[in-house]
Amino acid sequence: MITPLESLVATGTKLWLDSVDPDLVKENRKFGATGATSNPIIISNLINTGRFDDKMTELLERGLSDEEIAWEMTDFFVRQAQAVFADVNTSTKGNDGYVSFELDPLLEDASCKLSVAEKAARYVELGKKWAAGHTNRMIKVPGTPGGLAALEQLAAAGITLNVTLLFTNRQYVLARDAVWRGAQKRKSLERFKSVYSIFVSRIDVYTKEHLPDLSPAAQGQVGIVNAKRLWRENNEFWKDKKLPLSEEFIFASTGTKDKSEPPDKYVSALAGSDIQTNPPATNEAIQEMTGKTFTRMVDQLPPKAVLDEIDKKVDFQKLETVLMDEGTRKFADPHKKLLALIAQKRSSLAPTGR
């Protein structure tokens, strides 16, 4: 009898892990996971366990700054995960088996005084630096003005991109078109691969707070409907491009925020295609759902009345403004906390260090 996660993979979903914890990566690989992603929260949590103090001590003894250590540790964890999924990347000829590496979140901090053009230039510089020499590393760039402005040049440079922090059709179209313009400047499209991370559950958190008058049928469905519509548009855009690799959606933020909802709510609703980056706790909870069998639902929308209500009542531009403001804070603040944690580790592990 197959496990629930194996059933999910059997529907056509590529299961990626929202973690680069070496132990969890290996465990989830056995469940059928074929990729992973990282961010400063994940890196902080790993450092905080104390399991990697030897590596931290090594970096401290090299005289590295807190900022340099943050990126060295990120690179350390992402490289290990890449090694686990390297066989997938090889067997799929570059269509799967990636690990995402997030660029400097402090570029989106409120205190950053760089212009959009200067932020874009920095994203390009960092993207080239952290992608160099890697075949199964995705460079994660946010759908902010600065991030979007960097995409064409990054894609033209042959970098595999994961455009993240997307909430709306407007952002997606800007990102996709920029990536495609850049891709067409390459000498070859043989290894061209791009993914677009749409955040799902955060949208439903927003509607519950800001649109409490949505009907029970529509409330809690806006994130799913939005993701499915964008997934459909993405398929339509790429289908005539005759590319060797799939340009896919990542369904991100798939863990339920409301404890009264089943842990597989978003995983089930989006099963059947493209990529899901599920939190470890979500995967663990799903594996405990003995006998759970997933079916393809990604192409199934709710009744027309529900869609009409969502279209009438949800102002997606306002939604984007609110969630991007919240999202950029959630992007930058964890990196600040990561730096603070490294400073604490410096004190406890190398009290004589600089």
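First things first, this report covers the structure right here in the doc. Only a predicted model underlies this, so the values are computations on that prediction, with no experimental measurement involved.

**Digging into the packing of aromatic side chains**
For the structure shown, the criterion picks out 15 aromatic pairs. Where Phe192 meets Trp238, the ring centres are 5.9 Å apart and the plane angle is 55°; that geometry is what we call tilted. With a gap of 46 residues between them, Phe192 in the loop between α8 (169–183) and β6 (194–199) and Trp238 in helix α10 (residues 222–238) connect regions that are remote in the sequence. Owing to a relative accessible area of 8%, Trp238 belongs among the buried residues under this scheme. Ring geometry for Phe249 versus Phe251: centroids 6.4 Å apart, planes at 35°, classification tilted. Phe249 gets classed as buried once you look at its relative accessible area, which sits at 0%. An aromatic cluster is built from Tyr172, Tyr196, Phe249 and Phe251, whose rings are joined through pairwise contacts. Here the guanidinium or amino end of Arg176 rests over the ring plane of Phe237, the centre of that ring lying 3.8 Å away.

**A look at unusual backbone geometry**
Its identity is not glycine, yet Lys93 carries a phi of approximately 55°, on the positive side. When its relative accessible area of 67% is taken as the criterion, Lys93 is described as exposed. Positive phi is not limited to glycine here, since Ser253 has a value of about 55°.

**Remarks on the environment of Thr11**
Among the structural elements, Thr11 can be located in the loop between α1 (4–10) and β1 (14–17). Residue Thr11 is classed as buried on the basis of its relative accessible area of 16%. Separated by 161 residues in the primary sequence, Thr11 and Tyr172 have C-alpha atoms spaced 25 Å apart. Beyond its immediate sequence surroundings of up to four residues, Thr11 is in contact with Ala271, Gly272, Phe294, Thr295 and Arg296.

Conventions we followed
- Residues numbered from 1 in each chain as written.
- Predicted model: local features only at pLDDT ≥ 70, side-chain atom pairs only at ≥ 80, totals over all residues.
- Heavy atoms only, no water.
- Phe/Tyr/Trp six-rings, centres within 6.5 Å; stacked < 30°, edge-to-face > 60°.
- Helix = DSSP H or I, 4+ residues; strand = E, 2+ residues; numbered from the N terminus.
- Buried < 20%, exposed > 50% of the residue type's maximum accessible area, 1.4 Å probe, protein only.
- Lys NZ or Arg CZ within 6 Å of the ring centre and 35° of its normal.
- Contact = heavy atoms within 4.5 Å.

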